[in-house]
Amino acid sequence: MVSGTALAAALCDEVEPDLVGLLDAVAAATERIEALVRRAPLTHLVGLTGGTNVQGEDVHKLDAAANQVFVDAVRASGRVGHLVSEELDEPLRLGGDSFDLYVDPVDGSSNTDVNGSIASIFSVRRATRDGLPGPADRQRAGGYVIYGPATAMMITWGAGLHEFVLDPESRRFVLTRAGLRLPARGRTYAVNSGRQAYWPPDVRAFFDDLNADDPARDRPYSLRYSGSLTADLHRILLEGGIYCYPADDRAKDGKLRLLYEACPLALLAEQGGGAASSGRERILDILPRSIHQRVPLFIGSATEVALAEDYIQHRRAAP
Ligand code: P6P
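Fair warning: this is a prediction, and the values are worked out from it, not measured in the lab. (Residues numbered from 1 in each chain as written. Predicted model: local features only at pLDDT ≥ 70, side-chain atom pairs only at ≥ 80, totals over all residues. Heavy atoms only, no water.)

Novice: Would you mind going over the overall build of the protein in detail, with residue names and values included?
Specialist: Scanning the protein for helices and strands turns up 7 helices and 15 strands. Computed over the C-alpha atoms, the radius of gyration of the protein is 19 Å, within 12% of the 20 Å expected from 2.2 N^0.38 for a compact globule of 319 residues. Taken along its principal axes, the extent of the C-alpha atoms in the protein is 55 × 45 × 40 Å. Burial analysis of the protein (319 residues in total) assigns 56% to the buried set. Sequence-distant contacts, at least 24 apart, represent 62% of the contacts inside the protein between residues at least 6 apart. (Helix = DSSP H or I, 4+ residues; strand = E, 2+ residues; numbered from the N terminus. Rg over C-alpha atoms; globule rule 2.2 N^0.38 Å. Buried < 20%, exposed > 50% of the residue type's maximum accessible area, 1.4 Å probe, protein only. Contact = heavy atoms within 4.5 Å.)

Written out as C-alpha coordinates, the structure is:
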(Lines give C-alpha, C1' and ligand atoms only; values in the text may rest on other atoms or scores of the structure.)
Protein backbone atom coordinates (compact mmCIF):
# COMPACT_ATOMS: atom_id res chain seq x y z
CA MET A 1 0.00 0.00 0.00
CA VAL A 2 2.41 2.64 -1.31
CA SER A 3 0.18 5.53 -0.29
CA GLY A 4 1.05 4.73 3.27
CA THR A 5 -0.65 3.50 6.39
CA ALA A 6 -1.45 7.09 7.41
CA LEU A 7 -3.78 7.65 4.45
CA ALA A 8 -5.46 4.29 4.70
CA ALA A 9 -5.73 4.51 8.47
CA ALA A 10 -7.31 7.96 8.28
CA LEU A 11 -9.82 6.58 5.82
CA CYS A 12 -10.51 3.06 7.03
CA ASP A 13 -12.76 3.71 9.99
CA GLU A 14 -14.76 6.40 8.15
CA VAL A 15 -15.29 5.13 4.61
CA GLU A 16 -16.31 1.97 2.81
CA PRO A 17 -13.49 -0.42 1.84
CA ASP A 18 -14.17 0.10 -1.89
CA LEU A 19 -13.48 3.81 -1.51
CA VAL A 20 -10.36 3.18 0.59
CA GLY A 21 -9.10 0.94 -2.21
CA LEU A 22 -9.78 3.53 -4.91
CA LEU A 23 -8.26 6.45 -2.97
CA ASP A 24 -5.22 4.30 -2.25
CA ALA A 25 -4.90 3.63 -6.00
CA VAL A 26 -5.17 7.38 -6.68
CA ALA A 27 -2.52 8.09 -4.04
CA ALA A 28 -0.26 5.43 -5.56
CA ALA A 29 -0.73 7.01 -9.02
CA THR A 30 0.25 10.44 -7.72
CA GLU A 31 3.30 8.97 -5.99
CA ARG A 32 4.41 7.62 -9.39
CA ILE A 33 3.60 10.93 -11.11
CA GLU A 34 5.65 12.75 -8.47
CA ALA A 35 8.67 10.65 -9.43
CA LEU A 36 8.10 11.50 -13.12
CA VAL A 37 7.78 15.23 -12.35
CA ARG A 38 10.97 15.39 -10.27
CA ARG A 39 13.03 13.79 -13.07
CA ALA A 40 11.19 15.34 -16.06
CA PRO A 41 14.07 17.66 -17.13
CA LEU A 42 16.47 14.69 -17.02
CA THR A 43 14.22 12.30 -18.93
CA HIS A 44 13.02 14.71 -21.66
CA LEU A 45 9.48 14.69 -20.21
CA VAL A 46 9.28 18.47 -20.55
CA GLY A 47 7.88 20.24 -23.60
CA LEU A 48 4.96 19.43 -25.87
CA THR A 49 3.86 16.19 -27.50
CA GLY A 50 2.82 18.08 -30.64
CA GLY A 51 -0.80 17.03 -30.10
CA THR A 52 -3.84 18.91 -28.80
CA ASN A 53 -6.56 17.70 -26.43
CA VAL A 54 -10.33 17.91 -26.83
CA GLN A 55 -10.14 21.40 -25.36
CA GLY A 56 -7.90 22.43 -28.28
CA GLU A 57 -5.01 22.97 -25.85
CA ASP A 58 -1.41 21.90 -26.50
CA VAL A 59 -0.66 18.61 -24.71
CA HIS A 60 2.53 18.61 -22.65
CA LYS A 61 4.52 15.38 -22.39
CA LEU A 62 3.80 15.26 -18.65
CA ASP A 63 0.04 15.59 -19.33
CA ALA A 64 0.14 12.45 -21.47
CA ALA A 65 2.46 10.53 -19.13
CA ALA A 66 0.44 11.38 -16.01
CA ASN A 67 -2.81 10.49 -17.75
CA GLN A 68 -1.44 7.03 -18.60
CA VAL A 69 -0.34 6.51 -14.98
CA PHE A 70 -3.91 7.24 -13.83
CA VAL A 71 -5.41 4.93 -16.48
CA ASP A 72 -3.15 2.04 -15.48
CA ALA A 73 -3.58 2.54 -11.70
CA VAL A 74 -7.34 2.95 -11.82
CA ARG A 75 -7.87 0.04 -14.22
CA ALA A 76 -5.83 -2.17 -11.86
CA SER A 77 -7.97 -1.09 -8.89
CA GLY A 78 -11.03 -2.75 -10.47
CA ARG A 79 -13.30 -0.24 -8.74
CA VAL A 80 -14.01 2.26 -11.54
CA GLY A 81 -16.68 2.11 -14.23
CA HIS A 82 -15.70 5.26 -16.18
CA LEU A 83 -12.54 7.37 -16.08
CA VAL A 84 -13.14 10.95 -17.28
CA SER A 85 -9.93 12.87 -17.92
CA GLU A 86 -9.00 16.27 -19.31
CA GLU A 87 -6.71 14.32 -21.67
CA LEU A 88 -9.39 11.89 -22.95
CA ASP A 89 -12.04 13.01 -25.47
CA GLU A 90 -14.60 10.50 -24.13
CA PRO A 91 -15.07 8.61 -20.83
CA LEU A 92 -12.87 5.48 -20.68
CA ARG A 93 -14.92 2.42 -19.73
CA LEU A 94 -12.99 0.29 -17.23
CA GLY A 95 -15.58 -2.30 -16.26
CA GLY A 96 -15.77 -1.62 -12.52
CA ASP A 97 -19.15 -0.90 -10.91
CA SER A 98 -18.45 1.09 -7.75
CA PHE A 99 -17.32 4.56 -8.84
CA ASP A 100 -16.53 6.93 -11.69
CA LEU A 101 -13.30 8.92 -11.41
CA TYR A 102 -12.78 12.41 -12.90
CA VAL A 103 -9.19 13.66 -13.18
CA ASP A 104 -7.08 16.52 -14.41
CA PRO A 105 -3.79 14.59 -14.52
CA VAL A 106 -1.64 17.74 -14.61
CA ASP A 107 -3.19 21.08 -13.71
CA GLY A 108 -0.99 24.05 -14.62
CA SER A 109 0.85 22.32 -17.50
CA SER A 110 2.34 25.61 -18.65
CA ASN A 111 4.50 25.44 -15.50
CA THR A 112 6.11 22.09 -16.37
CA ASP A 113 8.86 23.68 -18.50
CA VAL A 114 9.72 26.45 -16.03
CA ASN A 115 9.99 24.37 -12.82
CA GLY A 116 6.71 25.80 -11.49
CA SER A 117 4.25 23.99 -9.22
CA ILE A 118 1.74 21.66 -10.92
CA ALA A 119 -0.87 19.29 -9.52
CA SER A 120 -3.20 16.36 -10.16
CA ILE A 121 -6.88 16.89 -9.32
CA PHE A 122 -9.36 14.03 -8.70
CA SER A 123 -13.07 13.60 -8.00
CA VAL A 124 -14.93 10.39 -7.07
CA ARG A 125 -18.64 9.83 -7.75
CA ARG A 126 -20.88 6.76 -7.64
CA ALA A 127 -20.75 4.83 -10.93
CA THR A 128 -23.06 6.15 -13.68
CA ARG A 129 -24.20 4.70 -17.00
CA ASP A 130 -22.04 7.00 -19.13
CA GLY A 131 -19.74 9.00 -16.88
CA LEU A 132 -22.05 12.03 -16.88
CA PRO A 133 -23.40 12.54 -13.35
CA GLY A 134 -27.08 13.20 -12.68
CA PRO A 135 -28.69 15.52 -10.11
CA ALA A 136 -28.27 13.13 -7.19
CA ASP A 137 -24.79 11.95 -8.14
CA ARG A 138 -22.98 13.95 -5.52
CA GLN A 139 -19.22 13.61 -5.18
CA ARG A 140 -18.15 10.88 -2.73
CA ALA A 141 -14.60 12.25 -2.36
CA GLY A 142 -12.26 14.75 -3.97
CA GLY A 143 -8.87 16.35 -3.72
CA TYR A 144 -5.57 17.17 -5.32
CA VAL A 145 -1.87 16.41 -5.04
CA ILE A 146 0.41 19.42 -5.59
CA TYR A 147 3.97 18.71 -6.77
CA GLY A 148 5.68 21.68 -5.16
CA PRO A 149 8.68 22.04 -2.83
CA ALA A 150 6.77 19.37 -0.88
CA THR A 151 4.28 16.98 -2.46
CA ALA A 152 1.05 17.63 -0.57
CA MET A 153 -2.38 16.04 -0.89
CA MET A 154 -5.52 17.91 0.12
CA ILE A 155 -8.42 15.48 0.35
CA THR A 156 -11.95 15.12 1.66
CA TRP A 157 -14.24 12.07 1.85
CA GLY A 158 -17.04 14.19 3.26
CA ALA A 159 -15.72 14.44 6.81
CA GLY A 160 -13.61 17.60 6.74
CA LEU A 161 -10.53 18.85 4.87
CA HIS A 162 -7.27 17.00 5.50
CA GLU A 163 -3.65 17.44 4.33
CA PHE A 164 -1.14 14.63 3.77
CA VAL A 165 2.48 15.11 2.69
CA LEU A 166 4.51 12.54 0.73
CA ASP A 167 7.58 11.50 2.71
CA PRO A 168 10.29 11.34 -0.01
CA GLU A 169 12.17 8.67 1.95
CA SER A 170 9.37 6.22 2.82
CA ARG A 171 7.32 7.17 -0.30
CA ARG A 172 4.25 7.24 1.96
CA PHE A 173 1.66 9.98 2.45
CA VAL A 174 1.70 11.13 6.08
CA LEU A 175 -1.22 12.97 7.70
CA THR A 176 0.01 16.49 8.53
CA ARG A 177 -3.17 18.55 9.14
CA ALA A 178 -6.62 17.11 9.94
CA GLY A 179 -9.82 19.17 9.92
CA LEU A 180 -8.33 22.26 8.22
CA ARG A 181 -10.53 25.42 8.24
CA LEU A 182 -10.08 28.32 5.83
CA PRO A 183 -9.83 31.78 7.45
CA ALA A 184 -13.14 33.64 6.99
CA ARG A 185 -11.30 36.21 4.83
CA GLY A 186 -7.81 36.62 3.45
CA ARG A 187 -5.39 39.26 2.17
CA THR A 188 -4.60 37.92 -1.33
CA TYR A 189 -6.47 37.16 -4.52
CA ALA A 190 -5.51 35.19 -7.63
CA VAL A 191 -6.70 36.18 -11.12
CA ASN A 192 -5.19 36.65 -14.60
CA SER A 193 -5.43 40.45 -14.57
CA GLY A 194 -4.11 40.42 -18.15
CA ARG A 195 -7.70 39.67 -19.16
CA GLN A 196 -9.20 42.74 -17.48
CA ALA A 197 -9.97 44.38 -20.85
CA TYR A 198 -12.47 41.54 -21.40
CA TRP A 199 -14.08 41.66 -17.91
CA PRO A 200 -17.70 42.84 -17.59
CA PRO A 201 -18.22 45.99 -15.42
CA ASP A 202 -19.43 44.01 -12.37
CA VAL A 203 -16.29 41.85 -12.31
CA ARG A 204 -14.11 44.95 -12.72
CA ALA A 205 -15.97 46.58 -9.81
CA PHE A 206 -15.21 43.57 -7.60
CA PHE A 207 -11.47 43.82 -8.22
CA ASP A 208 -11.55 47.62 -7.85
CA ASP A 209 -13.01 46.94 -4.38
CA LEU A 210 -10.19 44.51 -3.45
CA ASN A 211 -7.60 46.95 -4.80
CA ALA A 212 -9.01 50.05 -3.03
CA ASP A 213 -6.60 52.19 -0.94
CA ASP A 214 -8.62 51.60 2.24
CA PRO A 215 -6.58 50.40 5.25
CA ALA A 216 -9.71 50.62 7.45
CA ARG A 217 -11.10 47.73 5.37
CA ASP A 218 -7.73 45.92 5.23
CA ARG A 219 -7.25 46.95 1.61
CA PRO A 220 -5.63 46.78 -0.88
CA TYR A 221 -5.29 42.99 -1.21
CA SER A 222 -2.14 41.54 -2.80
CA LEU A 223 -2.20 39.63 -6.09
CA ARG A 224 -0.70 36.12 -6.15
CA TYR A 225 -1.12 34.26 -9.49
CA SER A 226 1.13 31.35 -10.53
CA GLY A 227 -0.53 29.86 -13.62
CA SER A 228 -1.65 26.83 -11.62
CA LEU A 229 -5.14 26.98 -10.10
CA THR A 230 -4.23 24.32 -7.58
CA ALA A 231 -1.03 26.02 -6.41
CA ASP A 232 -2.90 29.32 -6.02
CA LEU A 233 -5.78 27.61 -4.20
CA HIS A 234 -3.41 25.74 -1.87
CA ARG A 235 -2.22 29.10 -0.51
CA ILE A 236 -5.88 30.20 -0.16
CA LEU A 237 -7.02 27.04 1.65
CA LEU A 238 -4.24 27.66 4.20
CA GLU A 239 -4.24 31.48 4.46
CA GLY A 240 -7.62 32.61 3.10
CA GLY A 241 -8.41 34.78 0.08
CA ILE A 242 -9.96 34.04 -3.32
CA TYR A 243 -9.06 32.53 -6.70
CA CYS A 244 -11.07 33.80 -9.65
CA TYR A 245 -11.42 32.79 -13.27
CA PRO A 246 -14.42 34.89 -14.36
CA ALA A 247 -16.50 34.61 -17.51
CA ASP A 248 -15.45 37.42 -19.86
CA ASP A 249 -16.01 38.70 -23.41
CA ARG A 250 -13.61 36.09 -24.84
CA ALA A 251 -14.57 33.16 -22.56
CA LYS A 252 -18.34 33.14 -21.98
CA ASP A 253 -18.12 30.18 -19.57
CA GLY A 254 -14.70 30.99 -18.18
CA LYS A 255 -11.85 28.49 -18.70
CA LEU A 256 -11.95 25.89 -15.94
CA ARG A 257 -13.71 22.55 -16.27
CA LEU A 258 -16.63 21.73 -14.00
CA LEU A 259 -16.29 17.99 -13.41
CA TYR A 260 -12.56 17.54 -12.81
CA GLU A 261 -11.43 21.00 -11.66
CA ALA A 262 -14.20 23.16 -10.15
CA CYS A 263 -16.24 20.40 -8.46
CA PRO A 264 -13.48 18.62 -6.50
CA LEU A 265 -11.91 21.93 -5.46
CA ALA A 266 -15.32 23.30 -4.45
CA LEU A 267 -15.88 20.20 -2.28
CA LEU A 268 -12.54 20.81 -0.56
CA ALA A 269 -13.27 24.51 0.00
CA GLU A 270 -16.74 23.89 1.44
CA GLN A 271 -15.48 21.07 3.69
CA GLY A 272 -13.02 23.63 5.07
CA GLY A 273 -15.71 26.25 5.69
CA GLY A 274 -15.04 28.18 2.46
CA ALA A 275 -17.17 28.61 -0.65
CA ALA A 276 -17.13 28.11 -4.43
CA SER A 277 -19.40 29.83 -6.93
CA SER A 278 -19.76 30.53 -10.64
CA GLY A 279 -20.64 34.04 -9.50
CA ARG A 280 -24.30 33.22 -9.99
CA GLU A 281 -24.70 29.80 -8.36
CA ARG A 282 -22.98 27.36 -6.00
CA ILE A 283 -20.59 25.16 -7.98
CA LEU A 284 -21.81 22.00 -6.24
CA ASP A 285 -25.43 22.73 -7.30
CA ILE A 286 -24.63 22.85 -11.03
CA LEU A 287 -26.02 19.89 -13.04
CA PRO A 288 -23.34 18.87 -15.57
CA ARG A 289 -24.46 18.97 -19.22
CA SER A 290 -21.26 17.53 -20.73
CA ILE A 291 -18.08 15.96 -19.38
CA HIS A 292 -15.73 18.79 -20.49
CA GLN A 293 -18.11 21.62 -19.61
CA ARG A 294 -16.44 24.87 -18.53
CA VAL A 295 -17.61 27.11 -15.68
CA PRO A 296 -16.61 30.51 -14.24
CA LEU A 297 -15.00 30.03 -10.82
CA PHE A 298 -14.73 32.12 -7.64
CA ILE A 299 -13.36 29.92 -4.83
CA GLY A 300 -11.88 30.49 -1.39
CA SER A 301 -12.88 32.28 1.81
CA ALA A 302 -16.61 32.74 2.30
CA THR A 303 -16.26 36.53 2.71
CA GLU A 304 -14.61 37.17 -0.66
CA VAL A 305 -16.78 34.68 -2.57
CA ALA A 306 -19.93 36.34 -1.18
CA LEU A 307 -18.55 39.78 -2.14
CA ALA A 308 -17.90 38.61 -5.71
CA GLU A 309 -21.47 37.26 -5.92
CA ASP A 310 -22.83 40.58 -4.59
CA TYR A 311 -21.15 42.48 -7.43
CA ILE A 312 -21.95 39.93 -10.16
CA GLN A 313 -25.58 39.63 -9.06
CA HIS A 314 -25.81 43.45 -8.78
CA ARG A 315 -26.60 43.50 -5.08
CA ARG A 316 -23.69 45.92 -4.72
CA ALA A 317 -22.75 48.87 -6.96
CA ALA A 318 -19.22 49.82 -8.00
CA PRO A 319 -17.27 51.55 -5.16
P1 P6P B 1 -4.52 31.62 -17.97
C2 P6P B 1 -4.04 25.89 -16.20
O3 P6P B 1 -4.17 25.69 -17.61
C4 P6P B 1 -5.37 26.44 -15.71
O5 P6P B 1 -6.38 25.53 -16.01
C6 P6P B 1 -5.30 26.76 -14.23
O7 P6P B 1 -4.52 25.86 -13.51
C8 P6P B 1 -4.72 28.16 -14.22
O9 P6P B 1 -5.08 28.92 -13.07
C10 P6P B 1 -5.33 28.77 -15.49
O11 P6P B 1 -5.61 27.67 -16.37
C12 P6P B 1 -4.38 29.71 -16.18
O13 P6P B 1 -5.07 30.25 -17.29
O14 P6P B 1 -5.61 32.02 -18.93
O15 P6P B 1 -4.36 32.61 -16.85
O16 P6P B 1 -3.21 31.26 -18.62
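Novice: Which residues make up the packing of aromatic side chains, and what values do they have?
Specialist: The tally for this structure, following the rule as stated, stands at 6 aromatic pairs. Relative to Phe 207, the ring of Tyr 189 lies with its centre 5.5 Å away and its plane at 45°, an arrangement referred to as tilted. Separated by 18 residues along the polypeptide, Tyr 189 in strand S11 (residues 188-190) and Phe 207 in helix H4 (residues 201-210) bring together distant segments of the chain. Looking at Phe 207, the relative accessible area reads 3%, which means it is buried. Grouped by ring-pair contacts, the aromatic residues Tyr 189, Trp 199, Phe 206, Phe 207, Phe 298 and Tyr 311 constitute a single cluster. We note Arg 125 situated over the ring of Tyr 102; from NZ or CZ to the ring centre the distance is 5.9 Å. (Phe/Tyr/Trp six-rings, centres within 6.5 Å; stacked < 30°, edge-to-face > 60°. Lys NZ or Arg CZ within 6 Å of the ring centre and 35° of its normal.)

Novice: Outline the site of the ligand, listing residues and values.
Specialist: Close to the ligand lie Asp 107, Gly 108, Asn 192, Tyr 225, Gly 227, Ser 228, Leu 229, Tyr 243, Tyr 245, Lys 255, Leu 256 and Glu 261, which account for all nearby residues. Within the side chain of Tyr 225, one N or O atom sits 2.5 Å away from an oxygen atom of the ligand. Relative to its unbound accessible surface of 400 Å², the ligand loses 80% to contact with the protein. The pocket occupied by the ligand, as judged from atoms lying within 2 Å of grid points, is the largest pocket. Within the shell around the ligand, the residues separate by chemical class into 5 nonpolar, 4 polar and 3 charged. (Near = heavy atom within 4 Å. Polar contact = N/O pair within 3.5 Å; in protein donor to acceptor, adjacent residues only side chain to side chain. Areas by Shrake-Rupley, 256 points an atom, 1.4 Å probe, with all protein chains shown as cover. 1 Å grid on protein atoms, 1.4 Å probe; cavity = no way out; pocket = protein on both sides within 12 Å on 5 of 7 lines; lining within 4 Å. Sits in = over half its atoms within 2 Å of the grid points. Nonpolar A, V, L, I, M, F, W, Y, C, P; charged D, E, K, R; others polar.)

Novice: If you had to explain empty space enclosed by the protein to someone new, which residues and values would you point to?
Specialist: Taken as a whole and assessed by the stated rule, the structure comprises 1 cavity of 30 Å³ or more. The volume enclosed by the largest cavity comes to roughly 30 Å³. In terms of lining residues, the largest cavity is bounded by Val 191, Asn 192, Arg 195, Trp 199, Cys 244, Tyr 245, Pro 246 and Asp 248. In the lining of the largest cavity, the residues fall into 5 nonpolar, 1 polar and 2 charged. (Points joined across faces, edges and corners; volume = space filled by probe spheres on them.)

Novice: An account of the sheet that holds strand S12 (residues 222-223) is needed here, citing residue identities and associated values.
Specialist: Within the open sheet, the 5 strands sit side by side as S12-S11-S13-S15-S14. Their pairing is mixed. Edge positions in the open sheet fall to S12 and strand S14 (275-277), since each of these has one partner strand only. With 3 bridges connecting them, S14 and strand S15 (residues 297-300) associate as antiparallel partners. Its bridge partner being in S15, Ser 277 is matched across the sheet by Phe 298. Contacts from helix H7 (residues 302-312) reach strand S13 (242-245), S14 and S15, with the element oriented near 155° to S15. (Pairing = 2+ DSSP bridges. Axes fitted to C-alpha atoms, helices over the stretch in contact; angles between N-to-C directions.)

Novice: Which residues make up the domain arrangement of the protein, and what values do they have?
Specialist: Along its sequence, the protein is carved into domain 1 (6-177) and domain 2 (188-312). A straight line from the C-alpha centre of domain 1 to that of domain 2 covers 23 Å. Taken together, the 46 residues of domain 1 in the interface contact 30 residues of domain 2. Around 2800 Å² of area is buried between domain 1 and domain 2 when both sides are counted, 62% of it from carbon and sulfur atoms. The largest share of the area that domain 1 buries against domain 2 comes from Gln 139, Tyr 144 and Leu 161, three residues that together contribute 19% of it. At the junction of domain 1 and domain 2, the tally comes to 2 salt bridges. Across the pair Arg 257 and Glu 57 runs a salt bridge, and its minimum N-O distance is 3.1 Å. The interface formed by domain 1 and domain 2 holds 16 residue pairs in polar contact (both at pLDDT 80 or more) in total. At the level of secondary structure, the elements contributing two or more residues to the side of domain 1 that touches domain 2 comprise strand S3 (80-85), strand S5 (99-107), strand S6 (118-126), strand S7 (139-147) and strand S8 (151-156). (Domains from an automatic or database assignment. Buried area = accessible area lost by both parts, 1.4 Å probe. Salt bridge = Lys/Arg side-chain N within 4 Å of Asp/Glu carboxyl O.)

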